[in-house]
Amino acid sequence: MSEVILQQTTVATGAPRWERFLSRFPTVASLAAASETEVLAEWSGLGYYARARNLHRAARRVVSLGGGIPRTLEGLRALPGVGPYTAAAVASIAFGVPAPVVDGNVARVLSRLLAVPGDAKGGASRRAIEAAAAELLDPRSPADHNQALMELGALVCLPRAPRCEECPLSRACRARATGMQGDFPGKASPRPTHRVRLAAGVARRRGRLVLVEDSFLVRGHLVVPLVAVEDGDEASAALAAAWPRLAGRRAGSLSHLGLVRHSVLHRRYAVEVFEVAEGAPAGDRTRPRLLLPEELEAAPRGGLLPKVLALSASAGKPSPRGRAPRGPAPPRRSGG
Ligand code: SF4
């Protein structure tokens, strides 16, 4: 669990969530028996939701194999979502298998220690670092060795300001010897960002929020109805066309609330948010879920929904029967 949570999450954020997750699912069997919706809801806010789905599938695989977590690299790698890093970390730390672990911290330490040029995330540089990690591993104590290197990277060999005077490797460190710590590891070329315009409709029916299953950001999450908006199109028109039962056919049924920005990996979303004054709830593409505000906490949801609801709340108190139009739809825009 800890290895999966900490793959993309800091210890400060991940530790309390690890406690919470384990108290909710204390055994592999209890995790396997849960529904995906329950697992995603417990994972809400941690991001990178494929990790939660894979963990859930892995628990079911372990149970189907008899309930014991595999103790070999090969057995661990056969579980959904378990790559070389996680397999080596679990095998060495939990079961004492002499397998080198190379996470981002270890790669940084070794690239500086040995002055390995290039991007430590791939190619020849990565292979050189992995070979060095295997060669340096203490086979008598792989758990301590791997955790010591990871901690050294996390606490001493910091990305921007390495604390070389406190480092037990300082005498052997080639980067330090030449004063070039900042040059290792080399920088990867940044991944291009992808900008997406969306329109979102906040609708209520008898005090319940109309939510649908997300098909844009994270599959399985609940969001307000969304639609992609092409360059040059009006967001309100796109929303009304995609969700005609939500928006209704009367002019002015959509009231523009503002713009919300949200990012998922390399995608940057600009979301025009509209309040729906009246009309039947969404039912055009998928069956909607109607949730009371207090039910949202237990629902699988990502970071966009709270932003949209905060914008809606800041615009005024909702009433059970909807709200009077607050403003006209924004003018046609040429791009986004
Ligand atoms: S001496 Fe400095 S740069 Fe080298 S491994 Fe230690 S902290 Fe990192």
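Anyway, here's the lowdown on the structure attached to this text. (Residues numbered from 1 in each chain as written. Predicted model: local features only at pLDDT ≥ 70, side-chain atom pairs only at ≥ 80, totals over all residues. Heavy atoms only, no water.)

**With respect to the overall build of the chain**
Worth spelling out the cut-off: Strands are runs of DSSP state E lasting at least 2 residues, helices are runs of H or I lasting at least 4, and numbering of each runs from the N terminus. Exposure categories follow from relative accessible area, calculated using a 1.4 Å probe and restricted to protein chains: below 20% of the type maximum is buried, above 50% is exposed, and the middle band is partly exposed. Two residues form a contact once any of their heavy atoms are found within 4.5 Å.
A count of helical and extended segments in the chain gives 14 helices and eight strands. Expressed as a percentage of its 336 residues, the buried residues of the chain come to 42%. Contacts in the chain between residues far apart in sequence, at least 24 positions, make up 63% of those at least 6 positions apart.

**Digging into the packing of aromatic side chains**
Formally: In this scheme Phe, Tyr and Trp rings, the latter by its six-membered ring, pair at centre separations within 6.5 Å, and the angle between planes marks the pair as stacked below 30 degrees, edge-to-face above 60, and tilted otherwise.
The full count for this structure, using the stated rule, is two aromatic pairs. Geometrically, the ring pair formed by Phe21 and Trp43 is edge-to-face, given 5.6 Å between the ring centres and 90° between the ring planes. In this pair, Phe21 sits in helix H2 (residues 11–24) while Trp43 sits in helix H4 (residues 36–43), placing the two residues 22 residues apart along the sequence. Like Phe21, the residue Trp43 is buried in the burial classification.

**Brief notes about the packing of helix H8 (residues 104–113) against helix H9 (residues 123–136)**
Condition: Angles run from 0 to 180 degrees between N-to-C directions of axes, and those axes are lines fitted to C-alpha atoms, restricted for helices to the stretch in contact. Convention used here: angles under 35 degrees read as roughly parallel, angles over 145 as roughly antiparallel, angles from 65 to 115 as roughly perpendicular, and any remaining angle as oblique. Each residue receives one of three labels: charged for Asp, Glu, Lys and Arg, nonpolar for Ala, Val, Leu, Ile, Met, Phe, Trp, Tyr, Cys and Pro, and polar for the others, Gly being one of them.
Two numbers describe how H8 lies on H9: the axes approach to 10 Å, and their chain directions differ by 90°. Classified by the angle between their axes, H8 and H9 sit roughly perpendicular to one another. Taking contact as the criterion, the partners of Ala107, Leu110, Ser111 and Leu113 in H8 are, on H9, Arg126, Ile129, Ala133 and Leu136. Among the residues making up the contact of H8 with H9, the classes are represented as six nonpolar, one polar and one charged.

**A short note on the pattern of salt bridges**
As a reminder of what qualifies: The salt bridge criterion pairs a side-chain nitrogen of Lys or Arg with a carboxyl oxygen of Asp or Glu, the two atoms within 4 Å.
Per the counting criterion, the structure on display carries 10 salt bridges. In this structure, Glu130 engages Arg126 in a salt bridge whose closest nitrogen and oxygen atoms are separated by 3.0 Å. Placement of both Glu130 and Arg126 in helix H9 is noted, with a separation of four residues, approximately one turn of the helix. When its relative accessible area of 37% is taken as the criterion, Glu130 is described as partly exposed. Between Arg208 and Glu295 there is a salt bridge, and its shortest N-O distance comes to 3.8 Å. In this pair, Arg208 sits in strand S3 (residues 208–213) while Glu295 sits in the loop between strand S8 (289–291) and helix H14 (304–314), placing the two residues 87 residues apart along the sequence. A relative accessible area of 31% places Arg208 in the partly exposed class. Counted as one network, the salt bridges with shared partners bring together Arg20, Arg24, Glu38 and Glu42.

**Here we look at the sheet that holds strand S6 (residues 254–264)**
Quick reminder of the rule: Here a strand pair is declared whenever DSSP counts at least two bridges between the two strands.
One open sheet accounts for four strands, arranged S5-S1-S7-S6; its pairing is mixed. Whereas interior strands pair on both sides, the edge strands pair on one side only; in this sheet they are strand S5 (226–228) and S6. Between one strand axis and the next, the sheet turns through 25° on average, direction left out of account. Examined bridge by bridge, strand S1 (residues 194–202) and S5 share three bridges and lie antiparallel to one another.

**With respect to the site of the ligand**
Condition: Here a residue is near a molecule or strand as soon as one of its heavy atoms is found within 4 Å of it. Grid points spaced at 1 Å and placed over the protein atoms alone form the basis of the search, with a cavity being a set where a 1.4 Å probe fits but cannot get out and a pocket an open set showing protein on both sides within 12 Å along at least five of seven lines. Lining residues have an atom within 4 Å of a point. To decide whether a molecule occupies a pocket or cavity, check its atoms: if more than half lie within 2 Å of the grid points, it is inside.
For the ligand, the full set of nearby residues is Arg112, Cys157, Pro162, Cys164, Cys167, Ser170, Cys173 and Gln181. Assessed atom by atom at 2 Å from the grid points, the ligand resides in the largest cavity. Grouping the amino acids of the shell around the ligand by side-chain chemistry returns five nonpolar, two polar and one charged.

**Considering empty space enclosed by the protein**
We count it as follows: Grid points are joined across faces, edges and corners, and a volume is the space filled by probe spheres set on the points.
Under the counting rule described, the total for this entry stands at one cavity of 30 Å³ or more. Empty space within the largest cavity amounts to approximately 110 Å³. Considering the residues around the largest cavity, the lining is formed by 13 residues, among which Arg112, Cys157, Cys164, Cys167 and Cys173 are closest to the centre. The element contributing the most residues to the lining of the largest cavity is H8, with three residues.

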